[in-house]
Amino acid sequence: MAGPSALDLDSVTRRFGDRTVVDSLSFSVGRGSIFGFLGPNGAGKTTTLRMILGLVAPSSGRISVLGASDGRRVRERIGFLPEERGLHPRMTPLQAAAFLGALKGVAPRLARRKARDQLEALGLGGSVNTQIRRLSKGMAQQAALVCALVHDPELIILDEPFSGLDPMHQNGLERLIRARAEAGATVVFSTHVMAHAERLCDRVVLLAGGRKVFDGTVQEARSRAPGRLILEGDLAPGAVASLPGVADVVVSDLAGGRRLEVRLTPGAQAHQALSAAFLAGLPVRRFEFHEPGLHEAFLLLTGSPDNLPEVAGA
Amino acid sequence: MRRLLIILWREYLAYLLTPGFLVTLVTLPLVLVASLSLPALLSRQAPAPEVAVLDLTGLGSTGPGAYIEAQIREGRTRNLPQERAAILTETPAGVAGARTPEEAGRRIQDFYRGALPDASPPAVLVLSGTAESLDARLWTPRARLIDLSGELERALTDWSRQTRMRALGLDAGEIDALSRTGVEMSAYSPESRTGRITLTDRLPHLAALGVSYLLVSLILAGAGMVLTSVAEEKSSRVIEVLVTSAHPAELLLGKVLGLLCLFLTALGALTGAGVLAAGQLPPGIVLDVIRAVLSQGLLGWATLFLAFGFLLYGSIFAGLAAFCETPREAQSLATPLSLFLLIPLFLVISAIQTPESPVIRIAALFPPFTPFLMLLRIADGAPAWEVATGLVLMAATTAGAVWIGVQAYRTGALTQGSSNLWTLLRSRLKLRLRP
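Residues numbered from 1 in each chain as written. Chains lettered and ligands numbered in written order. Predicted model: local features only at pLDDT ≥ 70, side-chain atom pairs only at ≥ 80, totals over all residues. Heavy atoms only, no water.

A. Representation of the overall build of chain A. Tallying secondary structure elements over chain A gives ten helices and 13 strands in all. Here chain A, with 314 residues, has 52% of them falling under the buried criterion. Considering only intrachain contacts with a sequence separation of at least 6, the fraction spanning at least 24 residues in chain A is 69%. Summing over all exposed atoms, chain A offers an accessible surface of approximately 13,500 Å²; the carbon and sulfur share of this is 48%. (Helix = DSSP H or I, 4+ residues; strand = E, 2+ residues; numbered from the N terminus. Buried < 20%, exposed > 50% of the residue type's maximum accessible area, 1.4 Å probe, protein only. Contact = heavy atoms within 4.5 Å. Areas by Shrake-Rupley, 256 points an atom, 1.4 Å probe, with all protein chains shown as cover.)

B. Focus on the pairing of strand 4 (residues 134-139) of chain B. Residues and elements named next belong to chain B. Bridge analysis of strand 3 (residues 123-129) against strand 4 gives six bridges, and the strand direction is antiparallel. Considered in strand 4, the bridge of Val124 is made with Trp139. Following strand 3, the chain reverses through four residues before pairing antiparallel with strand 4. (Pairing = 2+ DSSP bridges.)

C. Structural context of the nonpolar core. Within the largest apolar cluster, 158 residues are counted, with the highest numbers of intra-cluster contacts made by A:Phe27, A:Val65 and A:Ile157. For this core, the element with the most residues is helix 8 (residues 199-235) of chain B, which contributes 13 residues. Once residues lying within four places of it in the same chain are set aside, the contact partners of A:Phe27 are A:Leu7, A:Asp8, A:Leu9, A:Phe35, A:Phe37, A:Thr48, A:Val205 and A:Asp215. Residues A:Leu243, A:Val262, A:Ala277 and A:Leu282 belong to the second largest nonpolar core, which totals 16 residues. (Core = buried A, V, L, I, M, F, W, Y, C linked by side-chain atoms within 4.5 Å.)

D. Summary view of the sheet that holds strand 11 (residues 246-254) of chain A. Residues and elements named next belong to chain A. Strand order in the open sheet formed by four strands is 11-12-10-13, with antiparallel pairing between adjacent strands. The open sheet has two edge strands with one neighbour each: strand 11 and strand 13 (284-290). Ignoring strand direction, the axes of neighbouring strands in this sheet form an average angle of 15°. (Axes fitted to C-alpha atoms, helices over the stretch in contact; angles between N-to-C directions.)

E. Local environment of the interface of chain B and chain A. With 23 residues of chain B at the interface, the matching set in chain A holds 26 residues. Summed over both partners, the interface of chain B with chain A comes to about 2,400 Å²; 56% of that surface belongs to carbon and sulfur atoms. The interface formed by chain B and chain A includes three salt bridges. The closest approach of N and O atoms between A:Arg50 and B:Glu240, which form a salt bridge, is 3.6 Å. Taken together, the links from chain B to chain A amount to six residue pairs in polar contact (both at pLDDT 80 or more). Looking at the side of chain B that touches chain A residue by residue, the class counts come to nine nonpolar, five polar and nine charged. (Buried area = accessible area lost by both parts, 1.4 Å probe. Salt bridge = Lys/Arg side-chain N within 4 Å of Asp/Glu carboxyl O. Polar contact = N/O pair within 3.5 Å; in protein donor to acceptor, adjacent residues only side chain to side chain. Nonpolar A, V, L, I, M, F, W, Y, C, P; charged D, E, K, R; others polar.)

F. View of the packing of aromatic side chains. Counted according to the given criterion, the structure contains eleven aromatic pairs over all chains. Plain terms: the ring middles of A:Phe27 and A:Phe37 are 5.5 Å apart, the flat faces sit at 50° to each other, and that makes the pair tilted. Separated by ten residues along the polypeptide, A:Phe27 in strand 2 (residues 19-30) and A:Phe37 in strand 3 (residues 34-38) bring together distant segments of the chain. Accessibility expressed as a relative area gives 4% for A:Phe27, which makes it buried. Residues B:Phe366 and B:Phe369 carry aromatic rings whose centres are separated by 5.0 Å and whose planes lie at 85° to one another, so their mutual orientation is edge-to-face. Each member of the aromatic cluster is reached from another via a ring pair, and the members are A:Phe27, A:Phe35 and A:Phe37. In this arrangement the basic side chain of B:Arg10 is found over the ring face of A:Phe99, its NZ or CZ atom lying 5.5 Å from the centre. (Phe/Tyr/Trp six-rings, centres within 6.5 Å; stacked < 30°, edge-to-face > 60°. Lys NZ or Arg CZ within 6 Å of the ring centre and 35° of its normal.)

G. Region of the structure containing a nonpolar patch on the surface. Residues and elements named next belong to chain B. Together, Leu339, Leu342, Phe346 and Ile349 make up an exposed nonpolar region whose accessible area comes to about 390 Å². The element that contributes the greatest number of residues to the nonpolar patch is helix 14 (residues 342-353), accounting for three residues. Take Leu339: it is sitting in helix 13 (residues 327-340). (Patch = residues over 30% accessible without salt bridge, like charges linked within 9 Å, V, L, I, M, F, W, Y side chains within 5 Å.)

H. Local environment of the pattern of salt bridges. One pass over the structure, following the stated rule, counts 33 salt bridges over all chains. Across the pair B:Arg180 and B:Asp176 runs a salt bridge whose closest N-O atoms are separated by 3.1 Å. A residue pair is termed a helical-turn pair when its members lie 3 or 4 positions apart in one helix, as B:Arg180 and B:Asp176 do in helix 7 (residues 172-180) at four residues. Bridged by salt links that share partners, the residues A:Glu76, B:Arg2, B:Arg3 and B:Glu250 form one connected network.

I. Representation of the sheet that holds strand 2 of chain A. Residues and elements named next belong to chain A. Read from one edge of the open sheet, three strands run 2-1-4, paired in antiparallel fashion. Each edge of the sheet is formed by a strand with only one pairing partner; in this case those strands are strand 2 and strand 4 (60-65). Neighbour to neighbour, the strand axes of the sheet diverge by 15° on average, direction disregarded. Where strand 1 (residues 5-16) meets strand 4, five bridges bridge the pair, whose relative direction is antiparallel. Bridged to Leu9 within strand 4 is Ile63.

Structure follows, in C-alpha cells:
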C-alpha cells in the first residue's frame, strides 16, 4: 500500500429496515493505488460506494475519505462514474465536460480543452460534438469517464466501469485507469470481471452478502483457491494422494499409463508436492501445474460460507 | 451558490436554445390574440340560422307570425352581437298543413328525421293560441346550448305588449313612445377617474383575471417541465452523477429557478411586445387593455406570485419525479396534483364576480392558492394586512415545500425499481435525516 490512506472504512454497517446490506465492513485504500471492489450481485458494493460518496449514511461505523469524515465535504476532489452513462443524453461530450467540470470548480474552457484532449487520446476525437444519445454505449461510457475525470480528482470511484464494453474499449479504459494511478490518483472500482481486477488491482476486497470475505493482494486471493497439478505416468493413485498438500486425486487411463488430476489444498505449493514425488521415486513422465486464477478464488470465497477458508486480514 | 447558478444556467440554456421555445415565444402572442378573436370570427363565418314561422293563431297580418317575420327580415333576431342575423325561410312542405301545435310537432319531427345527416334544416317557430294567451314553440333540429329562442321570445313579448296597448285604445305613436320608454342606469365610484365607471375603469380587474389565468397556465406548465426533466435524469442515471457533484438543494433549486428564468424571459418578451404595441396602436380598447396590464404594479405582483408558485409546485413535482423510473410514471403520479390546480382555476372564475366574497378571501390566504387568487384580491383593493398575511403564509409554505422536495429528491434520486414513496420519505425524514 503506497502512502497514507485515501479511504478508510471502520466497522461500517448499513441497514435498510430489518435488512443488513453492509455488515461491519472495514478496509483501507492507499493513496495512488488501484483498488478492486469485487462481489456478486447484491453483495453491497454499490451501497458501500454510495456511503463513501456520502449519499447514504452508514447505520454505524466510521468512514474517512481523503481525510474527511463525509465524502460530500471533499466532493470536488472525487470523480465518480456510475454503472450507466450518467450524462444528459442531449448534451455533447464537450458540453457535459464543461458542465460537470464547472460543478467541480474547473473553468468551462479548461474543462472543454482537457475533455477534447482525453477524448482524442481515446480515439473519440470525431465525436466530441455529437450528442451523447447518438454515441454507442462504449463511446458514451468513455465520454462519461472523461467527464468524471476532467477535474483531475484525487479519488476516482468507478461502479462497474467495464460493463457492456467491447474488448477494445475495455483495453482503453484499463490504460486510462493505469495512467491516472501513475499520476497519483487513487482508483476504486467495482467489477464482476475478474480479469480486469487481476490485471489492474494492487489490492482487492471481496464482498458476499454484505460481509467482507477477503482483503488483500490479487496474489493472496489466488492463494486462497486450490491449485491443480496434472501428473502423467504409471502412477499409483494412493502414492500420489499421500504427497504433501494434496487434497484429492481424479484418475483417468492413458495409453501406457495414467493421468492424475491432483487438486491441492488452498495455499499448498505445487513444487513441494512435485519434489516429494520425485524424492519418492514415482515414475512421473509429464507434469503440468495450473495456477488458480482470481476467478476461482472469487467463486470459492463468495460461495457457501461453509466452504470458506480462513481469511487473512478479514 | 456557485453550483446552484451553474445548474440554473444549464437548465435555462437547455430550454432556451431549443427551436420549440423560440417558436413558442413567437407564436404565443399570436395564440393569445387568436384566442380572443377566434370565437367572434368563427361566429361570423358560420352560416346564418334559418327560421320558418308557422302561425296557427288565425290572426292574419296583425298576428304574431307576421310581426316575427317582419322582425326577422329586418335582421333584428340574433342572440349574440357577433352572430349572424337569422334568415326567414319557407315552412317545410310537410309541416305547412298542420292545424294544432301537437300535429305540427309530429310533422316537424318527421321532417327532421327525414333530413340528410349532414343537412341543416331550419328551425320552425309554431305559434298558436290567442293574443291574450299565446303559445310559442321553437323546434330546432338539435338541442344546442344557444339558439334563437331568447331573441324570438323578446320579439313576441313586444308584439303582445303592443297588441294589448292597441286594445286599450292607444295609437301607433303612443305605442312607439311607450315602447321606447326605459331607464338607463349609470354606475359611479370614487375609484373611477371621472366618477362614472366605464369599461376602462373595469379593465384592471379584467387584466388581473387574465394574468391570473396566465399564472395558472405557466405554473402548471413549468411544474410539468420540472417533473419531466427530473424523471428523464432519473431514467438516464444522470441524477446519480449530479448528486455526487452538488447538494440536492442546489440541484432542485437550480432546476426550478432555471425554468422560472425561462418563463420570465418569455414574460419579458411578451411585455416588451406589449410596450412596443402600446406605442404604435391607436387609442382604443386594445391599447386600454395593454395599459391596464402594464399599470398598477400588476406585472410586479405577477412576477412575485409566479416565482413563489414555481418554487412551491416545482419543488413538489421534482420530489415526486425523483421516485419515478420513467417520465410516464412521473406524469401519472403527478396527475392528482395537476387536478388539484384546477380548483384555483374555478375560483378565479367566481372571483371576477365576487372578489370580496369570504370564500375567495379565505382561498386567497390558503398558500397553495395564493399565487393565483391574491392578484385578483389586490386588484380589488384588498387591505394591506390581508396581502401581507397571504405573502407570509405563502413564503413559509413555499420554504416548507422546498425542504420536503429536497428530502424527497435526495431519497428518490438513489432509489431504483418500484418503491413506496411514503415509506422511503418517512424513513428519510425521520430516521436518517442528514444535515
